[in-house]
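One-letter residues, chain by chain:
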Amino acid sequence: VYTTSGASADVSGGGVRLNMIPKDGGNNFSGRGFAGFQDKSFQSDNLTDELKARGLRSADGIDRLSNFEASLGGPIKKDRIWFFLSARTFHLDTLPADAFNADGSPGVDPQSINSAQARIIWQISAKNKLSVYNDRIGKNRGAAMTAGFDPATASVVWNSPIYTTGSAKITSTLTNRLLLEGGFSTNYERYNFLYQPGIYKERGTPEWYTTINKQDIALVTTYNAAVSQQLQSPDRISLAGSLSYVSGTHNIKAGIQDSWGNYRRTYLANGDLRAFFTNGVPTRVDVLNTRWERRDQLHADVGIFAQDAWTLHRLTLN
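Our subject in this report is the structure included herewith. Not measured: the values here are computed from a predicted model.

A word on the overall build of the protein chain
And then number 1: Scanning the protein chain for helices and strands turns up two helices and 18 strands.
And then number 2: Computed over C-alpha atoms, the radius of gyration of the protein chain comes to 26 Å, more than 25% over the 20 Å expected from 2.2 N^0.38 for 318 residues, which places it beyond the range of a compact globule.
And then number 3: The principal-axis extent of the C-alpha atoms belonging to the protein chain is close to 80 × 45 × 40 Å.
And then number 4: Counting all 318 residues of the protein chain, 30% fall into the buried class.
And then number 5: Partitioning the intrachain contacts of the protein chain with sequence separation of at least 6 by distance along the chain shows that 65% fall at a separation of at least 24.

The following block contains the structure:
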């Protein structure tokens, strides 16, 4: 269920909210698989004579795409403990428009997403249930670039050393009208934007001063080095607990939430300089001041909430 407005009191912030309730599992083993593939022979070409006359040598395209998925679920112990596993490997090699290597071959941006997730549900007793979940993703990009980039020097390598979400939740049906819930979740999204191998230079060396980002605003080209190297790592941990009274026409829910974490960002660039040209003629430079690092620390984001909802025929009061 997606909610864009009119959220209930247990929603701490604005924006789109996704409420997802996964299945608990069953006593039969079941699974599924999927495989997909295409190469550039499936790709149409919309490079017209008009675009060629304006200087465009190639249009965006796909070199190769593959997608393989599999999932399996079933009982660990009948009527008590169930599991669900899934994994995916997705690879996409794109051909950015008008990006060519020095030998004339088209630049290729190899991208991949490899993910695996696991969920275990334990029916502790008739009234108590525990679920644990973790999702790990590896997102990588070998040469992020757009038209006019030199793939070997100006494109950017993306990787994600840690990209994972996890949670644990316990629910207890105290009576046929009272439900107690508690849990915590973690979210780590650490990712890097890096120079191509060999482009990064040690600060103060002769190569550090010369291997800088260069852009020609008339030719719309970027070469010699990417704009910068960056590290971003937003980490967040959350705790929540609530007690609900449900009678059908009268629903009360009250609880408490807390979350904390840090957000670290680093930024550096060869030469502390970006050079700009017009048809090969130097016009200006942007002087930088790297390396810099920024850390945002959230010690606590606590919220206490209570909500009372009455329903009478087609009218609901909150």
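Looking at the side chain of E181
And then number 1: Along the polypeptide, E181 turns up in strand 9 (residues 178-194).
And then number 2: Residue classification places E181 among the buried residues on the basis of a relative accessible area of 17%.
And then number 3: Side chain to side chain, E181 and K169 meet in a polar contact 3.0 Å long.
And then number 4: Each residue touching E181, except ones within four places of it in the same chain, is listed here: K169, I170, T171, A240, G241, S242, S244 and K253.

Here's the deal with the packing of aromatic side chains
And then number 1: This structure, assessed with the given rule, holds five aromatic pairs.
And then number 2: Ring centres of W158 and F193 lie 5.4 Å apart, and the angle between their planes is 70 degrees; this geometry places the pair in the edge-to-face category. Of this pair, W158 sits in strand 8 (residues 156-173) while F193 sits in strand 9, and the two are 35 residues apart along the sequence.
And then number 3: The class of F193 is buried, set by a relative accessible area of 18%.
And then number 4: On the basis of an interplanar angle of 80 degrees and a centroid distance of 4.9 Å, the ring pair of W208 and Y209 is categorised as edge-to-face.
And then number 5: Y209 sits in the exposed class, given a relative accessible area of 51%.
And then number 6: Taken together, the aromatic side chains of W158, Y191 and F193 make up a single cluster linked through ring pairs.
And then number 7: Stacked on the ring of W158, the Lys or Arg R141 has its end atom at 4.8 Å from the ring centre.

Concerning the pattern of salt bridges
And then number 1: As enumerated under the stated definition, the model contains 16 salt bridges in all.
And then number 2: A salt bridge links R64 to D93; the nearest nitrogen and oxygen atoms lie 3.9 Å apart. Here the residue R64 occupies a position in strand 4 (residues 61-77), and D93 occupies one in strand 5 (residues 81-95), the gap between them amounting to 29 residues.
And then number 3: On the accessibility criterion, R64 (41% relative accessible area) is partly exposed.
And then number 4: By relative accessible area, D93 is classed as buried at 18%.
And then number 5: In this structure, D235 and R190 form a salt bridge, with 2.8 Å as the shortest nitrogen-oxygen distance. With D235 in strand 12 (residues 229-246) and R190 in strand 9, the pair connects residues that are 45 residues apart, well separated along the chain.

Considerations on the sheet that holds strand 14 (residues 273-278)
And then number 1: In spatial order, the strands read 11-10-14-15; together these four strands make up an open sheet with mixed pairing. A single partner strand is all that each edge strand has here, and the edge strands are strand 11 (221-223) and strand 15 (281-287). Between one strand axis and the next, the sheet turns through 20 degrees on average, direction left out of account.

Some points on the environment of A99
And then number 1: Its location among the elements puts A99 in the loop between strand 5 and strand 6 (109-123).
And then number 2: Judged by its relative accessible area of 1%, A99 is buried.
And then number 3: C-alpha separation for the pair A99 and A59, spaced 40 residues apart in sequence, amounts to 9.3 Å.
And then number 4: Look past the residues within four positions of A99 in its chain and what remains in contact with it is S58, P106, G107, M145, T146, F149 and P151.

Notes on a nonpolar patch on the surface
And then number 1: A cluster of nonpolar side chains, namely Y2, V16, L18 and M20, defines an oily patch on the protein surface of about 510 Å² accessible area.
And then number 2: As for its position among the elements, V16 is in the loop between strand 1 (2-3) and strand 2 (17-18).

Thoughts on unusual backbone geometry
And then number 1: Residue R291 is bonded to the preceding T290 through a cis peptide linkage, with omega at 10 degrees.
And then number 2: Topologically, R291 is positioned in the loop between strand 15 and strand 16 (292-298).
And then number 3: Its identity is not glycine, yet N279 carries a phi of approximately 50 degrees, on the positive side.
And then number 4: Inspection of the secondary structure puts N279 in the loop between strand 14 and strand 15.
And then number 5: Under the relative-accessibility criterion, N279 is labelled exposed at 54%.

Comments concerning the side chain of H250
And then number 1: As for its placement among the helices and strands, H250 is situated in strand 13 (residues 250-268).
And then number 2: Here H250 falls in the buried class, since its relative accessible area comes to 13%.
And then number 3: Not counting residues up to four positions away in its chain, the partners in contact with H250 are Y245, D308, A309 and W310.

What about the nonpolar core?
As a rule of thumb, nonpolar side chains are buried together in soluble globular proteins.
And then number 1: With nine residues, the main nonpolar core is built from A144, V156, F193, Y195, I199, A225, A226, A269 and L288.
And then number 2: The residues touching Y195, leaving out its near neighbours within four places in the chain, are V157, Y200, A225, A226, V227, S228, Q229, L268, A269 and N270.

Rules of the game
- Residues numbered from 1 in each chain as written.
- Predicted model: local features only at pLDDT ≥ 70, side-chain atom pairs only at ≥ 80, totals over all residues.
- Heavy atoms only, no water.
- Helix = DSSP H or I, 4+ residues; strand = E, 2+ residues; numbered from the N terminus.
- Rg over C-alpha atoms; globule rule 2.2 N^0.38 Å.
- Buried < 20%, exposed > 50% of the residue type's maximum accessible area, 1.4 Å probe, protein only.
- Contact = heavy atoms within 4.5 Å.
- Polar contact = N/O pair within 3.5 Å; in protein donor to acceptor, adjacent residues only side chain to side chain.
- Phe/Tyr/Trp six-rings, centres within 6.5 Å; stacked < 30°, edge-to-face > 60°.
- Lys NZ or Arg CZ within 6 Å of the ring centre and 35° of its normal.
- Salt bridge = Lys/Arg side-chain N within 4 Å of Asp/Glu carboxyl O.
- Pairing = 2+ DSSP bridges.
- Axes fitted to C-alpha atoms, helices over the stretch in contact; angles between N-to-C directions.
- Patch = residues over 30% accessible without salt bridge, like charges linked within 9 Å, V, L, I, M, F, W, Y side chains within 5 Å.
- Areas by Shrake-Rupley, 256 points an atom, 1.4 Å probe, with all protein chains shown as cover.
- Core = buried A, V, L, I, M, F, W, Y, C linked by side-chain atoms within 4.5 Å.

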